[in-house]
Amino acid sequence: MARSRKDSTGANAVDNYRKQIAKQDTKKSKESLKNIKFLSDKKENAPTVYKDVSIMVGALLVLCLCVYCIFYALLSTQ
């Protein structure tokens, strides 16, 4: 049996619809993968941020302590 023109165009419409759905699914999956990757990178970088902040706060405290000791030594000798 030969296909009529009506049947062949209907099959193309269904195929096109399926292709559109597949494209939308891949777009959604790419977006979700980007979100997952971003969150995992954020978790990996969090300890280094805390480490850097603690080093800076420690350095500031040491500097304040040194300045305090210098002023104490200068004022106690008078």
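Our subject is the structure that appears above.
None of these values were measured; they are calculated from a predicted model.

What follows concerns the overall build of the protein. Scanning the protein from terminus to terminus reveals 1 helix and 0 strands. Total accessible area on the protein is roughly 7,800 Å²; 65% of this is exposed by carbon and sulfur atoms.

Formally, a disulfide is one covalent bond, and it connects the sulfur atom of one cysteine to the sulfur atom of another. What the rule picks out here adds up to 0 disulfides. Here Cys66 is not cross-linked by a disulfide; its sulfur's nearest cysteine counterpart is in Cys69, at 6.6 Å. Looking at Cys66, the relative accessible area reads 39%, which means it is partly exposed.

Bringing a nonpolar patch on the surface into the picture now. Together, Leu60, Leu63, Val67, Ile70, Phe71, Leu74 and Leu75 make up an exposed nonpolar region whose accessible area comes to about 720 Å². Mapping Leu75 onto the fold places it in helix α1 (residues 5–76).

What counts and how
- In this numbering scheme, every chain counts its residues from 1 along its sequence in written order.
- Owing to the predicted nature of the model, reporting of local features is limited to residues with pLDDT of at least 70; listing and counting of side-chain atom pairs is limited to 80 or more, with chain, interface and lining totals taken over all residues.
- Side-chain descriptors were evaluated using all non-hydrogen atoms of the structure, hydrogens and water having been removed beforehand.
- Numbering goes from the N terminus for both helices and strands, where a helix is a DSSP run of H or I of at least four residues and a strand is a run of E of at least two.
- Surface accessibility in these figures is a Shrake-Rupley result with a 1.4 Å probe; residues are shielded only by whichever protein chains are displayed.
- Counting rule for disulfides: a pair of cysteine sulfur atoms within 2.5 Å.
- Only protein chains enter the accessibility calculation, which uses a 1.4 Å probe; a residue is then buried when its area is under 20% of its type maximum, exposed when over 50%, and partly exposed in between.
- Each patch is built from residues lacking any salt bridge and having more than 30% relative accessible area; the joining distance is 9 Å for like charges and 5 Å for nonpolar side chains (Val, Leu, Ile, Met, Phe, Trp, Tyr).
- Definition used for salt bridges: Asp or Glu carboxyl oxygen within 4 Å of a side-chain nitrogen of Lys or Arg.

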